[in-house]
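Residue-level structure breakdown
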Amino acid sequence: MTRLLLATRNAKKLAELQRILDGSLGRERVELIGLADVPEYQELPETGLTFGENALIKAREGCRQTGLPTVADDSGLAVDALGGMPGVFSARWSGRHGDDQANLDLVLAQIGDVPDEHRGAAFVCAVALVLPGGKEHLVEGRQPGRLLRAGRGDGGFGYDPIFLGEGQDRTNAELTGAEKDAISHRGKALRLLAKLLTKVLPAGA
Ligand code: ITT
């Protein structure tokens, strides 16, 4: 069985990837562990200007520190009218890391005058896989949509209440977890990763 490190302390992300891997690889192929399961190391700052660069920074460091094949992700919201921002700054757009309400309020205020036809946006998720031999892989998932003028729903997190996915009549915060996973940037990227793992992880290891 191959041990695979997901370079995160977020238990929800671990569980989500485990669910997707179980469905495509089978639980006996991969033992998924998180940063809480390996000796602690100083994590590097996310200095990249793209989601892919940040995912690679985290995955390379995890692999270097542990010697394990390592997966890492970075995600955020890219707003057309803001030239793709908040982008990699999504978690700290208002200046306070992880203050979801302040981040969402600031984006709404910034595009307050933008008419409906120009309120396009997309959630983006990059997932990097770095192998001990030095091989690197990057996959990306996107959920296109547009931003409403006020939030709706209390599911999800972050910018979900103001995001209406393409073809949807409910915001991401009004979807169940499973409904969101089926169409979300992260769900898409993790399913691509699962497919990639079936090819690059040693068979029967
Ligand atoms: P880590 O500890 O794993 O870094 P994080 O909260 O910083 O967790 P991400 O890097 O994955 O999360 O996401 C960055 C931000 O992008 C996140 O704080 C949200 O504001 C936004 N975001 C990402 N995915 C989202 C989603 O599915 N729904 C709503 N907002 C999302």
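Description of the structure in this document. In every chain, residue numbers begin from 1 and rise along the written sequence. The predicted origin of the model limits local features to residues at a pLDDT of at least 70 and limits the giving and counting of side-chain atom pairs to 80 or more, whereas totals for whole chains, interfaces and linings rest on all residues. Only hydrogens and water are removed before side-chain values are computed, so all heavy atoms of the structure are retained for them.

On to the packing of aromatic side chains. Note on aromatic pairs: the rings of Phe, Tyr and Trp (six-membered ring only in Trp) are paired at centre separations within 6.5 Å, and the planes decide the class, stacked below 30 degrees, edge-to-face beyond 60, tilted for the rest. What the rule picks out here adds up to 1 aromatic pair. Between Phe123 and Phe163, the aromatic rings sit 4.5 Å apart at their centres with planes inclined by 50 degrees, giving tilted as the arrangement. One end of the pair, Phe123, is in strand S4 (residues 120-130); the other, Phe163, is in strand S6 (residues 163-165), and 40 residues separate them in sequence. With a 1.4 Å probe rolled over the protein chains alone, any residue whose accessible area is under 20% of its type maximum counts as buried; one over 50% counts as exposed, and the rest are partly exposed. Given a relative accessible area of 6%, Phe123 falls into the buried group. Looking at Phe163, the relative accessible area reads 0%, which means it is buried. Only DSSP runs of H or I reaching four residues or more are called helices, and only runs of E reaching two or more are called strands; each is numbered from the N terminus.

Site definitions follow a grid-based scheme: protein atoms alone, a 1 Å grid, a 1.4 Å probe that fits but cannot get out for cavities, and for pockets an open set with protein on both sides within 12 Å along at least five of seven lines, plus lining residues having an atom within 4 Å of a point. Grid points are joined across faces, edges and corners, and a volume is the space filled by probe spheres set on the points. Counted as a void, the largest pocket has a volume near 1,300 Å³. Among the elements of the structure, helix H1 (11-24), helix H2 (51-66), strand S3 (70-79), helix H3 (100-110), helix H4 (177-183) and helix H5 (185-200) are those that each provide at least two residues to the lining of the largest pocket. Ranked by residues supplied to the lining of the largest pocket, first place goes to S3 with 5 residues.

This brings us to the environment of Val130. Along the chain, Val130 falls in strand S4. For Val130, a relative accessible area of 5% puts it in the buried group. Distance from Val130 to Leu164, taken between C-alpha atoms, is 33 Å for residues 34 residues apart in sequence.

Here we come to the site of the ligand. A cutoff of 4 Å decides nearness: a residue is near a molecule or strand if any of its heavy atoms lies inside that distance of it. Around the ligand, the structure places 16 residues, and the nearest of them are Lys13, Ser75, Asp160, Lys180 and Arg186. For the purposes of these results, a polar contact is taken to be a pair of N or O atoms within 3.5 Å, where, inside protein, one atom must be able to donate a hydrogen and its partner to accept one; residues adjacent in sequence count only when each atom of the pair is a side-chain atom. Within the side chain of Lys180, one N or O atom sits 2.8 Å away from an oxygen atom of the ligand. Considered on its own, the ligand offers 600 Å² of accessible surface; in the complex 84% of this is hidden by protein. Think of it this way: if more than half of a molecule's atoms are within 2 Å of a pocket's grid points, that molecule is in the pocket or cavity. The site holding the ligand turns out to be the largest pocket. For every accessible area listed, the method is Shrake-Rupley and the probe measures 1.4 Å; residues are considered covered only by the protein chains on display.

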